[in-house]
Amino acid sequence: QTRLVESGGGVVQAGDSLSLSCAPSGGTFRSSAMGWFRQSPGKERELVAGIRWHDGLIVYGDSVMGRFTISGENAKNKVSLQMNSLKPEDTAVYYCAAQVALGLQFGSWGQGTQVTVSS
């Protein structure tokens, strides 16, 4: 069935940039908001950035504010994450997620894409 697919992960050096993309695959898909989360070993999954479609509200996690930029296309349920000035602590599996309706949890997830930032 419908699922989200992330792409763009890789291995980069500290200070480099990387861009991630996410889009649904496998059928009809709608979302009220989409976002990026990340998780590294021993840590809980945390919000990186999110965008709410109806009013364009964008939120960022404190640790990425000023370095990462989220953008998206509501009609295509596509979202991207431009990551600049990457730091080793940004190393994590990055997940794309979607809120299928206002007020609900982010219940649709991709499988994740690994981002590794070397020092």
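Described in the following lines is the structure provided in the data block.

Each value, and the rule that gives it
Residues numbered from 1 in each chain as written. Predicted model: local features only at pLDDT ≥ 70, side-chain atom pairs only at ≥ 80, totals over all residues. Heavy atoms only, no water. Helix = DSSP H or I, 4+ residues; strand = E, 2+ residues; numbered from the N terminus. Rg over C-alpha atoms; globule rule 2.2 N^0.38 Å. Buried < 20%, exposed > 50% of the residue type's maximum accessible area, 1.4 Å probe, protein only. Pairing = 2+ DSSP bridges. Axes fitted to C-alpha atoms, helices over the stretch in contact; angles between N-to-C directions.

### Here's the deal with the overall build of the protein
Each helix and strand counted, the protein has zero helices and 11 strands in total. When the helices and strands of the protein are listed from N to C terminus, the series reads β-β-β-β-β-β-β-β-β-β-β. Relative to the compact-globule value of 14 Å for 119 residues, the protein shows a C-alpha radius of gyration of 14 Å, a close match. Taken along the three principal axes of its C-alpha coordinates, the protein extends 40 × 30 × 25 Å. Burial analysis of the protein (119 residues in total) assigns 36% to the buried set.

### Quick look at the sheet that holds strand β8 (residues 78-83)
Spatially, four strands are ordered β1-β3-β8-β7 in an open sheet, and the strand pairing comes out antiparallel. The sheet is open, and its two borders are formed by β1 (3-7) and β7 (68-73), each paired with just one other strand. Sheet twist, expressed as the average angle between the axes of neighbouring strands with direction ignored, equals 15°. Relative to β8, β7 runs antiparallel, the two being bridged by six bridges. Looking at β8, one finds that Ile70 is bridged to Leu81.

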